[in-house]
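Chain by chain, the residues:
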Amino acid sequence: MQQLGNITQSDFLKQYWQKKPLLVRQAFPNYKSPISPEELAGLACEEGIESRLIQENGPDRPWQVQYGPFKENDFTSLPKSHWSLLVQAADHHIPELSQLLDEFNFIPNWRIDDLMISYAPIHGSVGPHLDNYDVFLLQVKGRRHWHINEHAYTEDDFDNDLELRILNSFNAEEDWVLKPGDMLYLPPGVAHHGIALDDCLTYSIGFRAPSQKELLSAFTVNFNDVAKDKFYTDPKLKTQEFSGEIKKEDIESLHEMVLSTCSNKADFASWFGRFITDNRDDYEQEEAIVNEPEFYTSLKEAKHISRYGNVRMSYIDDGNTIKLFYAGNESSLPKSQLPLIQYLCSKHRLECAVLLKFDDEHHSLSLLYKLHKEGCLTFDE
Ligand code: SIN
Ligand code: CO
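Residues numbered from 1 in each chain as written. Chains lettered and ligands numbered in written order. Predicted model: local features only at pLDDT ≥ 70, side-chain atom pairs only at ≥ 80, totals over all residues. Heavy atoms only, no water.

## Some words on the coordination of the cobalt ion (ligand 2)
Part 1 of the reasoning: Protein-derived coordination of the cobalt ion (ligand 2) comes from H129 (NE2), D131 (OD) and H192 (NE2), at a distance range of 2.0 to 2.1 Å.
Part 2 of the reasoning: Of note, the cobalt ion (ligand 2) draws all its donor residues from one chain, in the sequence arrangement H-x1-D-x60-H. You can see D131 sitting in the loop between β5 (112-120) and β6 (135-141) and its partner H192 sitting in strand β10 (residues 191-196), a full 61 residues away along the chain. Each member of the pair, D131 as well as H192, carries the same accessibility label: buried. (Donors = N, O, S within 2.8 Å, 3.2 Å for Na, K, Ca; no water. Helix = DSSP H or I, 4+ residues; strand = E, 2+ residues; numbered from the N terminus. Buried < 20%, exposed > 50% of the residue type's maximum accessible area, 1.4 Å probe, protein only.)

## Focus on a nonpolar patch on the surface
Part 1 of the reasoning: Where nonpolar side chains cluster on the molecular surface, the patch consists of Y232, I246, I251 and L254 and spans about 370 Å² of accessible area.
Part 2 of the reasoning: Of note, L254 is situated in helix α6 (residues 248-259).
Part 3 of the reasoning: What makes L254 partly exposed here is its relative accessible area of 35%. (Patch = residues over 30% accessible without salt bridge, like charges linked within 9 Å, V, L, I, M, F, W, Y side chains within 5 Å. Areas by Shrake-Rupley, 256 points an atom, 1.4 Å probe, with all protein chains shown as cover. Salt bridge = Lys/Arg side-chain N within 4 Å of Asp/Glu carboxyl O.)

## Focus on the site of ligand 1
Part 1 of the reasoning: Every residue close to ligand 1 is listed here: M116, S118, V126, H129, D131, L137, R144, W146, H192 and S204.
Part 2 of the reasoning: Within the side chain of R144, a nitrogen or oxygen atom sits 3.4 Å from an oxygen atom of ligand 1.
Part 3 of the reasoning: A distance of 3.1 Å separates an oxygen atom of ligand 1 from a polar atom in the side chain of H192.
Part 4 of the reasoning: Contact with the protein chains covers 96% of the free accessible surface of ligand 1, which is 260 Å².
Part 5 of the reasoning: Contributions of two or more residues to the shell around ligand 1 are made by β5 and β7 (144-149). (Near = heavy atom within 4 Å. Polar contact = N/O pair within 3.5 Å; in protein donor to acceptor, adjacent residues only side chain to side chain.)

## Remarks on the nonpolar core
Part 1 of the reasoning: In terms of nonpolar packing, the biggest core is built from 43 residues, with F12, L85, L115, I117, F136, Y203 and I205 touching the most fellow members.
Part 2 of the reasoning: Elements that contribute at least two residues to this core include exactly β1 (22-24), α2 (37-43), β4 (83-87), α4 (95-101), β5, β6, β9 (183-186) and β11 (200-207).
Part 3 of the reasoning: Setting aside its immediate chain neighbours within four residues, I205 contacts L101, F104, D114, L115, D134, V135, F136 and L138.
Part 4 of the reasoning: Judged by nonpolar contacts, the second largest core, of 28 residues, contains F295, I322, I341 and C345. (Core = buried A, V, L, I, M, F, W, Y, C linked by side-chain atoms within 4.5 Å. Contact = heavy atoms within 4.5 Å.)

## Quick word on the packing of aromatic side chains
The geometry of an aromatic ring pair is captured by the separation of the ring centres together with the interplanar angle, meaning the angle of the planes.
Part 1 of the reasoning: This model, assessed by the stated rule, comprises 29 aromatic pairs.
Part 2 of the reasoning: Look at F12 and F106: their rings are 5.9 Å apart centre to centre, the planes differ by 90°, and that puts the pair in the edge-to-face class. Placement of the pair is F12 in helix α1 (residues 9-15) and F106 in the loop between α4 and β5, with a sequence separation of 94 residues.
Part 3 of the reasoning: By the ring-pair criterion, three or more aromatic residues cluster together here, those being F12, Y16, W17, F28, Y31, F104, F106, F136, Y185, Y203 and F207.
Part 4 of the reasoning: Its guanidinium or amino end placed over the ring of W110, R111 lies 6.0 Å from that ring's centre, counting from NZ or CZ.
Part 5 of the reasoning: The cationic tip of R208 hangs over the ring face of F275; the distance from NZ or CZ to the ring centre is 6.0 Å. (Phe/Tyr/Trp six-rings, centres within 6.5 Å; stacked < 30°, edge-to-face > 60°. Lys NZ or Arg CZ within 6 Å of the ring centre and 35° of its normal.)

Printed below as a string of structure tokens:
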């Protein structure tokens, strides 16, 4: 596959994924960004879009960060160099970008976080730093000089006086100039510094690794309802010599009381599917074609139906049924619908002709109507 050069997907996973950097020259040859730097600045002025402006020599302090939404004159007053504009989750807003994420489907889609776009004029960068997640850095316009170092940095290596977590002394072990179409994969924890050599656009396809803290706190909130009416009981309480002692057996019962709320794997799986696909903070429901027959007519007439970029969709095959998760919702479906669900989850832009082949006596396509009605799927203009 071209995205990984001469390396197969399975070799990539075995040798590089979460292990070491990989530079792929011309991973996406002739790729044309659906968004220009000017349009990116426009996006950063919109309400509900997460954006940052980073100035290496800011008006108030070095590595100054400002957060969007911005106004047009925030950009006109900038210096000619040494700054960067970053727009998070651009795939939620530009369909071509959510389709680009499908090119990375050799990695489970629940692992994908978002596609961030950065624009920088000459010398622009976000400073030397490291991230806790895997990232593919795709050069889309202009050239960026990437420097990396695989040294294991500690807290002491960061400059505490800055808003950004920037490494205070960074020397490159390796460096490359990336041209449009080139891509650099970095596993978590590899220090990197990308400096624009000219007007440059870089896409960061970032992956998501839930932390233990995040999982546990979200999971506990979910189990609040299940657990609230259960109280500790000790009908077999025996006399104890010192009343101040919390006995080992009491700890056992208390520990069991907590663990029993999360020991059911099927419940955990359902919760996780809902949790990991719940991504619709910026969701705006488009008007659906409410009537079912009309929907089928459109499905037959249209070429494509697309999933909104902010609607995450994954499934679990539990052997008996298929649990489809979409935008934090769960739907239990018969096993016979697996091929349809596999197709549905693997692409943001679906071919209507392919979908129609899944039509059967079980009304499988009613699932598509339901998803359309709930604002997850829309016909292309
Ligand atoms: C950038 O695109 O300038 C920064 C991306 C990164 O370092 O993760
Ligand atoms: Co980074």
